[in-house]
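Tertiary structure, described
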Amino acid sequence: MNRDVIIVGFGLAGLCVAEQLQRQNQSVVVISDTSQQSSRVAGGLFNPVILKRFKLAWKADDQLPVALDFYLKLQQKLSQPFLKMIPVLKRFESIQDQHNWNKAIRKPELESFLTPKIQANDNAALNADFGLGRVAQTGTVDTNALLNAYISHLESLDSILRETFDYDKLDIAENDLQYKNVKAKKIIFCEGFGVLKNPFFNWIKIQGNKGEYLIIRSSKLNVTAAVKSSIFIIPLGNDLYKVGATYERDHLTQTPSVKAKNYLIKELNALITWEYDIVDQVAGIRPTVSDRKPVLGQHPQYKNLYCCNGFGSRGVLMGPSMAKVIVDNMLCGHTVPKELDVNRFN
Ligand SMILES: Cc1cc2nc3c(=O)[nH]c(=O)nc-3n(C[C@H](O)[C@H](O)[C@H](O)COP(=O)(O)OP(=O)(O)OC[C@H]3O[C@@H](n4cnc5c(N)ncnc54)[C@H](O)[C@@H]3O)c2cc1C
C-alpha cells in the first residue's frame, strides 16, 4: 500500500488532520485502536466563551468560523447531520452573578456572544430563580456519529487499519517511511493521551485530565439548550441528556468512578426538579498540556515525523484550525507558531 501520509490515532485530531490532508489531495491511511476514548465520550460542545471567568477561550473567535465551515462541509461530504447550533444558557445563582453578566456584556470581545437581556426561567423542571444568560454562536457536534461516518468513508477508500500501532515496526529513511506493508512519505501521530507510549514524542508534556459524564433519561425535563451551572446538561434527543463533566488530574484511568457519579448526581439534583434515570456513565482522558496550548509540529531529528495533540477540553472548536496549521506546515513548510510548536518541550 502506498500513501502520502500515515495518520496514527483516530480521535478528533486524527479526523481533522485526515480531512485537511484529503482537501489538499493527499492520500492517507489511518491506523487506530480504541485505547483512548476522549473524542468518543466528549460532550461535543463548542462555546467560545469561558463562562467561569467571562473570557474568550484562546483564539476562539478565529477558530469558530473555521470550525463551522469545516463541519458544514463534512456534513455534506458524508451526507449525515452531526452539527447542531444550540444556545448555551448560563444559570445564575445570585444577584451577584447577574451583575457579573451585565459587566461582561460590555466587553467588546464578548459582544457578539453574550445576549444582553437576562432570560427568565420558564421551564418548571429547572431550578433557576435568578434567570439565565444566553450565549450565541454555540452548539454541539455529535462526535460519535462524525467519527463513525468518517470511518465508513475511510473504509470505502481502503484507508483504515484498526490496530495498535507498533512503533518498533516503523522504518524511517530520509525521504520516506515503511510501516509493515505501508509505504508513505510522512507520518503524523494523533494519539491523544496515548502519546505517552510513543517513543518518538513521549517527551511532550501531556498531563491528562480525566472527565466523566452521566447519561440520563428524563421524559419531562424538556431542555433544548445546553444549560451551564456547576455542570452542563447537554440535550442528546429522545429524552436523553449528558450531565457533566468532571475534571480529575489524578487516577487517570478510563473507568467510570463512583466518586464522579455521586458528585454529578448531587449537582444535578440541585439543578433540576424532575426525576430521571441514569442510563450510562462514561469516562475518558483529555489530552491536556501544562501550558494549555495544542502541540503541533515536526520531530526535531526525523523530519518526516509529525504530531498533532494537546486539544485539552476544546477539541471540537480548535481541531479544524489546528489541523490546518500542521497540514500547511507538512505540505508547504509554513511555520508553526512558536507557542504551539512541539519543540517548545524539547
Ligand atoms: C468527559 C469529556 C468531555 C469532553 N467534552 C468536550 C466538549 O464538550 N467539547 C470539546 O470540544 N471537547 C470536549 N472534550 C475534549 C475532547 O474530547 C478532546 O479535546 C479531543 O477529543 C481530543 O482528541 P484527540 O484525537 O487528540 O484524542 P483521542 O480522542 O484520545 O484520540 C486518540 C486516538 O488515538 C488512538 N491511539 C492512541 N494510541 C494509539 C496507538 N499506539 N495505536 C493506534 N491508535 C492509538 C486512541 O485509541 C484514540 O482513538 C471532552 C473530553 C472528555 C474526556
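Residues numbered from 1 in each chain as written. Predicted model: local features only at pLDDT ≥ 70, side-chain atom pairs only at ≥ 80, totals over all residues. Heavy atoms only, no water.

Going by an unreviewed UniProt entry, the chain carries the name FAD-dependent oxidoreductase and comes from Gangjinia marincola.

Glancing now at the overall build of the chain. Assigned secondary structure in the chain consists of seven helices and 20 strands. At 21 Å, the chain has a C-alpha radius of gyration in line with the 20 Å of a compact globule built from 346 residues. Here the chain, with 346 residues, has 54% of them falling under the buried criterion. Relative to all contacts within the chain whose residues are 6 or more apart in sequence, the contacts with residues 24 or more apart total 73%. If the 42 positive side-chain charges of the chain are averaged to one point and the 34 negative ones to another, these points end up 4 Å apart. (Helix = DSSP H or I, 4+ residues; strand = E, 2+ residues; numbered from the N terminus. Rg over C-alpha atoms; globule rule 2.2 N^0.38 Å. Buried < 20%, exposed > 50% of the residue type's maximum accessible area, 1.4 Å probe, protein only. Contact = heavy atoms within 4.5 Å. Lys, Arg positive; Asp, Glu negative; His and termini not counted. Charge placed at Lys NZ, Arg CZ, Asp CG, Glu CD.)

Bringing unusual backbone geometry into the picture now. At the junction of glycine 244 and alanine 245, the peptide bond is cis and its omega measures out at 5 degrees in the coordinates. Counting through the fold element by element, alanine 245 comes out in the loop between strand S17 (240-244) and helix H6 (258-271). Even without being a glycine, lysine 59 presents a positive backbone phi close to 55 degrees. On the secondary structure map, lysine 59 appears in the loop between strand S5 (55-56) and helix H3 (60-78). By relative accessible area, which is 41% here, lysine 59 ends up partly exposed. Its identity as a non-glycine residue notwithstanding, aspartate 239 has a phi of 65 degrees, on the positive side.

Most of strand S1 (residues 2-8) is tucked away, with six of its seven residues classed as buried. Summarising the sheet, S1 and strand S13 (residues 182-189) pair through six bridges and their orientation is parallel. By the bridge assignment, asparagine 2 is partnered in S13 with lysine 183. Sheet analysis places S1 next to strand S2 (residues 28-31), joined by four bridges and oriented parallel. (Pairing = 2+ DSSP bridges.)

Taking the UniProt record as the reference, the feature "domain: FAD dependent oxidoreductase" (unreviewed entry) is found at residues 4-328. Helix and strand shares over residues 4-328 are 27% and 27% respectively, and the end C-alpha atoms of the span are 14 Å apart. (UniProt positions renumbered as here; feature names shortened; annotations may be inferred.)

Turning our attention to the sheet that holds strand S18 (residues 277-286). Sheet architecture is open: seven strands sit in the order S8-S7-S15-S16-S17-S14-S18, paired in mixed fashion. A single partner strand is all that each edge strand has here, and the edge strands are strand S8 (132-135) and S18. Neighbour to neighbour, the strand axes of the sheet diverge by 25 degrees on average, direction disregarded. The pairing of strand S7 (residues 88-91) with strand S15 (residues 226-228) spans three bridges and is parallel. Pairing of leucine 89 across the sheet is with valine 227, part of S15. This element, H6, spans S7, strand S14 (209-217), strand S16 (232-237), S17 and S18 of the sheet and lies at about 50 degrees to S14. (Axes fitted to C-alpha atoms, helices over the stretch in contact; angles between N-to-C directions.)

Summed over all chains, the structure comprises zero disulfides. For cysteine 16, which is in no disulfide, the shortest distance to another cysteine sulfur is to cysteine 308 and amounts to 7.7 Å. Cysteine 308 takes part in no disulfide bond, and the closest cysteine sulfur, belonging to cysteine 190, lies 5.0 Å away. Owing to a relative accessible area of 0%, cysteine 308 belongs among the buried residues under this scheme. (Disulfide = S-S within 2.5 Å.)

The end-to-end C-alpha distance of helix H1 (residues 12-23), which contains 12 residues, comes to 16 Å, matching closely the 16 Å that a straight helix rising 1.5 Å per residue would cover. For H1, the tally of buried residues reaches 11 of 12 residues, placing the bulk of the element in the interior. (Expected span 1.5 Å × (residues − 1).)

Assigned domains within the chain: domain 1 (2-42 + 144-204 + 291-345) and domain 2 (87-139 + 207-289). For domain 1 versus domain 2, the distance between C-alpha centres works out to 31 Å. If you sort the residues of domain 1 by the area they bury against domain 2, Val41, Phe193 and Gly312 come out on top, with a joint share of 43%. On the surface where domain 1 and domain 2 come into contact, there are zero salt bridges. The interface formed by domain 1 and domain 2 holds seven residue pairs in polar contact (both at pLDDT 80 or more) in total. It is helix H2 (residues 38-41) that provides the largest number of residues to the side of domain 1 that touches domain 2, a total of three residues. Looking at the side of domain 1 that touches domain 2 residue by residue, the classes come out as six nonpolar, nine polar and five charged. (Domains from an automatic or database assignment. Buried area = accessible area lost by both parts, 1.4 Å probe. Salt bridge = Lys/Arg side-chain N within 4 Å of Asp/Glu carboxyl O. Polar contact = N/O pair within 3.5 Å; in protein donor to acceptor, adjacent residues only side chain to side chain. Nonpolar A, V, L, I, M, F, W, Y, C, P; charged D, E, K, R; others polar.)

Note that lysine 197 resides in the loop between S13 and S14. Among the residues examined, lysine 197 registers a relative accessible area of 69% and is labelled exposed. Sequence separation of lysine 197 and threonine 164 is 33 residues, and the distance between their C-alpha atoms is 11 Å.

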